[in-house]
Amino acid sequence: MTTETAAAFHPALLEPPEKEARPQWTELPSEVLSEIEKITGKIAAAEIAWGGYSPSACFRATAENGEKYFIKGSHPGQAAHGAKALRQEIHAYTTLKFLQQLAPRFHGSISVGDEDDWRLGIWDMVDGKTALPWTLAKTQAVVDLLWQLHSSVSRADVPDLPDGRESNHVSDFFLGERLWKRFEREDDSNRQQHFAELFEDSDAARQWLDTHLPALVRLQSGMSGMTGPEGVVHFDLRSDNILFNAEGRAVIVDWTDTCWGQVLLDIVLFAQCVAAESGIAPQTVIQQYEDVSGHIYPREDVLSVVATVTGYFADNAWRAVPQELPRLRWVQSICLQAGLSWLAAEGAAPLPGMLCQK
Ligand SMILES: Nc1ncnc2c1ncn2[C@@H]1O[C@H](COP(=O)(O)OP(=O)(O)OP(=O)(O)O)[C@@H](O)[C@H]1O
Ligand SMILES: [Mg+2]
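The model shown is predicted, which means the values in this text are computed figures rather than measured ones. Sequence positions are assigned chain by chain, starting from 1 and proceeding in written order. For this description, chains carry letters from A and ligands carry numbers from 1, given in the order in which they are written. Local features are withheld for residues below a pLDDT of 70 in this predicted model, meaning they are given only at 70 or higher, and side-chain atom pairs are given and counted only at 80 or more; totals for whole chains, interfaces and linings count all residues.

1. Brief notes about the overall build of the protein
If you tally the helices and strands in the protein, you get 11 helices and 10 strands. Note on method: radius of gyration uses C-alpha positions; expected globular size equals 2.2 Å times residues raised to 0.38. Expected size for 358 residues packed as a compact globule is a radius of gyration near 21 Å; at 21 Å, the protein falls within 12% of this value. Each principal axis of the C-alpha distribution contributes one length, and for the protein these read about 60 × 45 × 35 Å. Residue burial is a threshold on neighbouring C-beta atoms within 10 Å of the residue's own C-beta, all placed from the backbone, with 20 or more meaning buried, 12 or fewer meaning exposed, and counts in between meaning partly exposed. Scored against the burial criterion, the 358 residues of the protein give a buried share of 44%. Taking all contacts inside the protein whose residues are at least 6 apart in sequence as the whole, residues at least 24 apart take part in 72%. Only runs of H or I of at least four residues qualify as helices and only runs of E of at least two qualify as strands under DSSP, and these elements are numbered from the N terminus. Whether two residues are in contact is decided by their C-beta atoms, placed from the backbone, lying within 7 Å.

Following this line, the structure appears as structure tokens:
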């Protein structure tokens, strides 16, 4: 890889200063607090936990006995799918007993009122640091953990875990559906033009799309016939979902989209997010995983997954910024740029240019 391509991996877009619309601890109704304290004992202090991009309720709480908890879930000020996300995550924790080795210990959950009311899960707090800044030692630690996740159980051990090909939110990835394919049709959304306008030179980007879309769609279509290793897939391995505890051990959080499927999706998603947030080339992370797993992934398969993941970011980064998620389009944009740079470095499609600051 040339030095010039490596430079393109650095995020050029400034992070928006706004924060997500997470509720304060003091907004918890007394009946919710008393339900929590049945599990944790009396809470002495709590603060909002910042980190991800959603407006879910997230708290770091310390009990009077000194135990520290992480409490998260949905709340009345949030869109209805928050409760479903929490349900799915609790299902993953209860189905996959071995998660205790990779994730914080799950203590239980509380709910008050109907679906739109408070629904919270309670975990051990990871009292450490976020994954940033990335180093090769940190990516290696995560890769080791991923290999453990992907190789711990067979399908027969986890019959209740959803199949990625059948899960609403993630099936497009596993089946290679929609994503870039949506750019083939003109419709009212005008997505081709919106995509082009993400770039400094939108005319060149529009032309790039017309020229290279068939190749990207072809790569994406390769997902449906892929036969590589399958396992438990976390499916959201960004730096904000990885913490390093006080002993410096990597811990993975946010198991909302956990499902069964091609593990290459996890590896590519992780490598692409690392590339979006550091100067580490994604191929280096793939190599780390191949070394630890002893399995070499065919280049065509890797490119199929990179194209698929990049197609997701391409069809989301251009959309309007949701009021409660002010940094979502930004993170999608830097991941899009990293994916396009990766495809360019591998000769799948040249760079359409650099994204511009919105
Ligand atoms: N057990 C934990 N201990 C300490 N901090 C945590 C723990 N779990 C998560 N966090 C922090 O809280 C943030 C939000 O948690 P999590 O990712 O689980 O929530 P989420 O509702 O899925 O949010 P998002 O969709 O924004 O990622 C994480 O980015 C992380 O920084
Ligand atoms: Mg998260």
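Okay, back to it.
2. A short note on the packing of helix H8 (residues 264–277) against helix H9 (residues 282–293)
Every axis corresponds to a line fitted to the C-alpha atoms, with the helix fit spanning only the stretch in contact, and the corresponding angles, defined between N-to-C directions, vary from 0 to 180 degrees. Contact geometry of H8 with H9 gives a least axis separation of 8 Å together with a crossing angle of 140°. The angle between H8 and H9 falls in the class oblique. Handedness of the crossing formed by H8 with H9: right-handed. Residues Ile267, Phe270, Ala271, Gln272, Val274 and Ala275 of H8 form the contact with H9, whose own contacting residues are Pro282, Val285, Ile286 and Tyr289. By residue class, the composition of the contact of H8 with H9 is 9 nonpolar, 1 polar and no charged. To sort the angles, those under 35 degrees are grouped as roughly parallel, those over 145 as roughly antiparallel, those from 65 to 115 as roughly perpendicular, and the leftovers as oblique. In a left-handed crossing the near helix is turned counterclockwise from the far helix by less than a right angle, and in a right-handed crossing that turn is clockwise. Gly falls in the polar group here, along with every residue not listed as nonpolar (Ala, Val, Leu, Ile, Met, Phe, Trp, Tyr, Cys, Pro) or charged (Asp, Glu, Lys, Arg).

3. Here we look at the site of ligand 1
As a structural note, the neighbourhood of ligand 1 is formed by 21 residues, with Gly51, Gly52, Ser54, Ser56 and Phe70 the closest of them. Secondary-structure elements contributing two or more residues to the shell around ligand 1 are strand E2 (57–63) and strand E3 (68–74). A per-class count over the shell around ligand 1 returns 10 nonpolar, 7 polar and 4 charged. In this entry, near means the residue's backbone-placed C-beta atom lies within 6 Å of the molecule or strand.

4. As for the domain arrangement of the protein
The domains assigned to the protein are domain 1 (3–16 + 129–345) and domain 2 (25–124). Note that the domain bounds reflect an automated or database-derived domain assignment. The gap between the C-alpha centroids of domain 1 and domain 2 is 27 Å. Broken down by secondary-structure element, the contributors of at least two residues to the side of domain 1 that touches domain 2 are helix H4 (136–151), strand E9 (250–252) and helix H11 (328–345). Among the elements that take part in the side of domain 1 that touches domain 2, H4 stands out by supplying 3 residues, more than any other. For the side of domain 1 that touches domain 2, the residue count by class is 13 nonpolar, 5 polar and 5 charged.

5. So, the sheet that holds E9
For two strands to be treated as a pair, DSSP must find at least two bridges joining them. Spatially, the 3 strands line up as an open sheet ordered E6-E8-E9, and their pairing is antiparallel. Whereas interior strands pair on both sides, the edge strands pair on one side only; in this sheet they are strand E6 (129–130) and E9. Strand direction decides the pairing type here: E6 and strand E8 (residues 242–244), joined by 2 bridges, are antiparallel. Bridged to Lys129 within E8 is Phe244.

6. Thoughts on the sheet that holds strand E4 (residues 106–111)
Across the sheet, 5 strands lie side by side as E1-E2-E3-E5-E4; this open sheet has antiparallel pairing. The strands lining the two open edges of the sheet, one partner per strand, are strand E1 (43–48) and E4. Going across the sheet, the axis of each strand differs from the next one's by a mean of 25°, ignoring polarity. Here E4 runs beside strand E5 (residues 119–124); their pairing, made up of 5 bridges, is antiparallel.

7. Remarks on the packing of H4 against H8
Following both chains from N to C, one finds H4 and H8 inclined at 165°, their axes separated by 11 Å at the closest point. With respect to H8, the axis of H4 lies roughly antiparallel. Crossing geometry of H4 relative to H8 is assigned as right-handed. Only Asp266, Ile267, Phe270 and Val274 of H8 make contact with H4, whose side of the interface consists of Thr139, Val142, Leu146 and His150. Along the lines of polarity and charge, the residues of the contact of H4 with H8 split into 5 nonpolar, 2 polar and 1 charged.

8. A word on the confidence of the model for the protein
Think of pLDDT as the predictor's per-residue confidence, scored from 0 to 100. Here the protein averages 94 in pLDDT, and 97% of its residues register 70 or above. Counting interchain partners and residues more than four positions distant, the pLDDT-below-50 stretch residues 1–9 has 15 contacts.

9. Examining the nonpolar core
Residues enter a nonpolar core if they are buried, belong to Ala, Val, Leu, Ile, Met, Phe, Trp, Tyr or Cys, and are joined to the set through C-beta atoms within 7 Å. Within the largest apolar cluster, 85 residues are counted, with the highest numbers of intra-cluster contacts made by Leu146, Leu265, Ile267, Val268, Phe270 and Val306. Counting contributing residues per domain, this core is built from domain 1 (3–16 + 129–345) and domain 2 (25–124), each supplying no fewer than three. In contact with Phe270, other than residues within four places in its own chain, are Val142, Leu146, Leu237 and Val285. Counting residues in hydrophobic clusters, the runner-up holds 15 residues, among them Val32, Ala46, Tyr69 and Phe70.

10. Considering unusual backbone geometry
Cis geometry is found at the peptide bond from Leu132 to Pro133, where omega equals -5°. Considering the arrangement of structural elements, one finds Pro133 in the loop between E6 and H4. Phi angles above zero are rare outside glycine, and Arg178 is one such case at about 50°. Along the chain, Arg178 falls in the loop between helix H5 (171–175) and helix H6 (191–196). Here Arg178 falls in the partly exposed class, since 15 other C-beta atoms lie within 10 Å of it.

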